[in-house]
Amino acid sequence: MLTVLQTALEVGLIYGLVALALFISFSILNIADLSTDGCFTLGCAVGAMLTIAGHPILALFAGMLSGYVTAFLQTRLGVESILAGIISNTGLYTINLAVMGFSSNVSITGVDTVFSLFKGLVGGQWSRLILLALIAAVIVLVLIRFFGTSLGLSIRATGDSLDMVSASSINPKATITIGLCLANALTALSGCLIGEYNKFCDINLGTGMVTIALASLIIGEVFAGRRGSVGKRVVCVVLGSIVYRFIIALALRLNIS
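Residues numbered from 1 in each chain as written. Predicted model: local features only at pLDDT ≥ 70, side-chain atom pairs only at ≥ 80, totals over all residues. Heavy atoms only, no water.

Notes on helix α10 (residues 209-224)
Okay, so step 1: The end-to-end C-alpha distance of α10, which contains 16 residues, comes to 22 Å, matching closely the 22 Å that a straight helix rising 1.5 Å per residue would cover.
Okay, so step 2: Those residues of α10 that fall on the buried side of the exposure criterion are Met209, Val210, Ile212, Ala213, Ser216, Leu217, Gly220 and Ala224. All buried residues of α10 project into a common sector of 160° when viewed along the axis, lining one side. Structural note: α10 exposes Thr211, Ile218 and Val222 on the side pointing more than 90 degrees away from its buried face.
Okay, so step 3: Those residues of α10 hidden inside the fold are in contact with α1 (2-28), α2 (36-52) and α11 (230-253).
Okay, so step 4: Two residues or fewer past α10, Gly225 is found with a positive phi of approximately 85°. (Helix = DSSP H or I, 4+ residues; strand = E, 2+ residues; numbered from the N terminus. Expected span 1.5 Å × (residues − 1). Buried < 20%, exposed > 50% of the residue type's maximum accessible area, 1.4 Å probe, protein only. Arc of directions from axis to C-beta. Contact = heavy atoms within 4.5 Å.)

As structure tokens, then:
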């Protein structure tokens, strides 16, 4: 039972990054970004190939380009946000296949990952959980700090009222682009971590990721309340992801169909 709970906590922290990505795009920018599935797989695919090449840490920085393409379609070409996400997601399927050498799956068993490297430093069976908790904590703190800056406030204002932002001499195209790049970077980071966690990457790995992230986001928003501060909402989104994974683990433990 302890192993099941530990795994649920670890996976919850990884998927919490996707939930944070949707928090930025959906809750902050008020944009329905449907490129999440493809971007998650992109992070996993790039992460797997770089890990095989011996650069597991470098693999953590894939994904911003996907967000930029989605934002470019919206802000420069006037494509609706939902359609822009669908276009990006469809294009990413071919790109992900190309990254993986046109193979539907890639195994990274037997090579060093960020988890094996960290375990070599601290040791113990809790090393993966400690590393993921550190990564999540750093990202949460950075996001809370970022959304308190002038740029972060501009991004928040863009989602609240696009007309007001434009009237305040703030470029909404820039704030949307930065916000979506940040969101997709978190999604790709999550995909990279899950690939190194499972030591496996599959072309269909990201299927349904939007649903999982939205469920986590909704649970987190319930904990935070309607009047919660941005800091509280960011923390509760990660908590919502963990709770969601615990629910899934409990359902599997009870053999629910």
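Here's the deal with the packing of aromatic side chains
Okay, so step 1: Within the structure shown, the criterion is met by three aromatic pairs.
Okay, so step 2: Relative to Phe40, the ring of Tyr15 lies with its centre 6.1 Å away and its plane at 50°, an arrangement referred to as tilted. Taken together, the residues Tyr15 in helix α1 and Phe40 in helix α2 connect sequence positions 25 residues apart. Accessibility classification places Tyr15 together with Phe40 in one group, the buried group.
Okay, so step 3: Geometrically, the ring pair formed by Phe115 and Tyr197 is edge-to-face, given 5.9 Å between the ring centres and 80° between the ring planes. Pair noted here: Phe115 is in helix α5 (residues 114-122) and Tyr197 is in helix α9 (residues 172-198), with a separation of 82 residues, a long-range link.
Okay, so step 4: Phe115 gets classed as buried once you look at its relative accessible area, which sits at 5%.
Okay, so step 5: The exposure class assigned to Tyr197 is buried, which follows from its relative accessible area of 12%. (Phe/Tyr/Trp six-rings, centres within 6.5 Å; stacked < 30°, edge-to-face > 60°.)

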